[in-house]
Amino acid sequence: LSNDACQCTNTQKNSLFFPSQHLNDDRMIQSIGVSAHVDIDDFPLSHHDIYHSNLSREISHTHTHSMMKKNVEAILVLVVLTLVNLLNYFDRYIPSATKDLIKHDLQLTDTQTGALFTCFILMYMVVSPLVGILADTGIFRGRRKYVIFAGVLIWSLATSLTGLMHSFYTLIIPRILFGIVEAAYATLGPALLCDYFPPSRRNVVLSIFLGATPIVA
């Protein structure tokens, strides 16, 4: 027999009579393979890996920048809505504080003077739930900020018209408008803030927003 054939025969005999030695040889081969695999991982990153690493950094940076922009926008919305809410309560309480002056200037009766405040409360009471329903299921859904903006414009117009009224019947019109737009604002303002802030921060945010009530009172 040739030398190769003899070696093959000897190897088979050794495997047959010394199985532990054969297992050790297999383990040695596996360990060599593992070492080779580890050595491959130690090589420098390829251009493909570097590209994906840079892409991940850019995505992370973009996400951070987007979150900062959203936080600034949310704080700005909170400041604006709180200031408007402050004016809201000023407009609501000033007529009550100057009731006697209005009565004397326009020569109103007690019934007419009381009716100016009653119409405001009635409109506020009726419109508030309607606006809430429309905001959740109707045409106002997803349009809260536009409704608030339109309400503030009407509210400003009604405030200007109040100074031009010279009788009970003309003064009652802006009072009705006040009841409508203030009901819309009081209903949609907190809901809009909840769109900008997560649940974990809404208690503090709504406390700031509603802090206008005791300040004016």
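Above: the structure in question.
Calculation criteria
Residues numbered from 1 in each chain as written. Predicted model: local features only at pLDDT ≥ 70, side-chain atom pairs only at ≥ 80, totals over all residues. Heavy atoms only, no water. Helix = DSSP H or I, 4+ residues; strand = E, 2+ residues; numbered from the N terminus. Buried < 20%, exposed > 50% of the residue type's maximum accessible area, 1.4 Å probe, protein only. Contact = heavy atoms within 4.5 Å. Core = buried A, V, L, I, M, F, W, Y, C linked by side-chain atoms within 4.5 Å. Axes fitted to C-alpha atoms, helices over the stretch in contact; angles between N-to-C directions. Left-handed = near helix turned anticlockwise from the far one by under 90°. Polar contact = N/O pair within 3.5 Å; in protein donor to acceptor, adjacent residues only side chain to side chain. Phe/Tyr/Trp six-rings, centres within 6.5 Å; stacked < 30°, edge-to-face > 60°. Salt bridge = Lys/Arg side-chain N within 4 Å of Asp/Glu carboxyl O. Parallel < 35°, antiparallel > 145°, perpendicular 65-115°, else oblique. Nonpolar A, V, L, I, M, F, W, Y, C, P; charged D, E, K, R; others polar.

A.B. asks: Please give an account of the overall build of the protein that cites residues and values.
C.D. replies: Scanning the protein for helices and strands turns up nine helices and zero strands. In the protein, the succession of helices and strands from N to C terminus is α-α-α-α-α-α-α-α-α. With 217 residues in all, the protein has 25% of them scored as buried. Considering only intrachain contacts with a sequence separation of at least 6, the fraction spanning at least 24 residues in the protein is 73%.

A.B. asks: Which residues make up the nonpolar core, and what values go with them?
C.D. replies: Of all hydrophobic cores here, the largest spans 26 residues; its most connected members are Leu 81, Val 131, Ile 148, Tyr 185, Leu 188, Leu 193 and Phe 197. The set of elements that each furnish at least two residues to this core consists of helix H3 (47-97), helix H5 (110-137), helix H6 (144-162), helix H7 (168-196) and helix H8 (202-210). When residues of this core are assigned to their parent elements, the largest contribution, eight residues, is made by H7. Beyond its immediate sequence surroundings of up to four residues, Tyr 185 is in contact with Leu 81, Thr 82, Val 84, Asn 85, Asn 88, Ile 148, Pro 190 and Phe 209. The next biggest cluster of nonpolar side chains, apart from the first, holds nine residues, and it includes Leu 106, Cys 119, Phe 168 and Ile 172.

A.B. asks: Describe in detail the packing of H5 against H7, supporting the description with residues and values.
C.D. replies: In the contact formed by H5 and H7, the axes pass within 7 Å of each other and the chain directions differ by 30°. For H5 against H7, the interelement crossing comes out right-handed.

A.B. asks: Explain the side chain of Ser 128 to me, using residue names and the numbers behind them.
C.D. replies: Of note, Ser 128 is situated in helix H5. With a relative accessible area of 17%, Ser 128 lands in the buried category. Polar contacts involving the side chain of Ser 128 include one to the main-chain carbonyl oxygen of Tyr 124, which spans 2.8 Å. With near-sequence residues (within four places) excluded, Ser 128 lies in contact with Ala 183 and Thr 187.

A.B. asks: Could you give an account of the packing of aromatic side chains, naming the residues involved and the relevant values?
C.D. replies: Using the criterion set out here, one finds five aromatic pairs in the structure. Look at Phe 120 and Tyr 124: their rings are 6.0 Å apart centre to centre, the planes differ by 40°, and that puts the pair in the tilted class. You can see Phe 120 and its partner Tyr 124 sitting in helix H5, four residues apart, about one turn around the helix. There is no split in this pair, since Phe 120 and Tyr 124 are both buried. Note on Tyr 185 and Phe 209: the rings are 6.2 Å apart at their centroids and 40° apart in plane angle, and the pair reads as tilted.

A.B. asks: How would you sum up the pattern of salt bridges? Please name residues and give values.
C.D. replies: Overall, the coordinates contain three salt bridges when judged by the stated rule. For the salt bridge of Glu 182 with Arg 92, the shortest nitrogen-to-oxygen distance reads 3.2 Å. On the criterion of sequence distance, the pair formed by Glu 182 in helix H7 and Arg 92 in helix H3 is long-range, its members being 90 residues apart. Here Glu 182 matches Arg 92 in class, with each residue buried.

A.B. asks: Run through unusual backbone geometry, naming residues and quoting values.
C.D. replies: Located in the positive-phi region is Gln 107, a residue other than glycine, with phi close to 55°. For Gln 107, a relative accessible area of 70% gives the class exposed.

A.B. asks: A description of the packing of H6 against H7 should follow, citing residues and the corresponding values.
C.D. replies: Relative placement of two packed helices is described by the angle separating their axes and the distance separating the axes. In the contact formed by H6 and H7, the axes pass within 8 Å of each other and the chain directions differ by 150°. Considered as vectors, H6 and H7 are oriented roughly antiparallel to each other. For the crossing formed where H6 meets H7, the hand is left-handed. For the contact of H6 with H7, the per-class residue count stands at 15 nonpolar, four polar and four charged.

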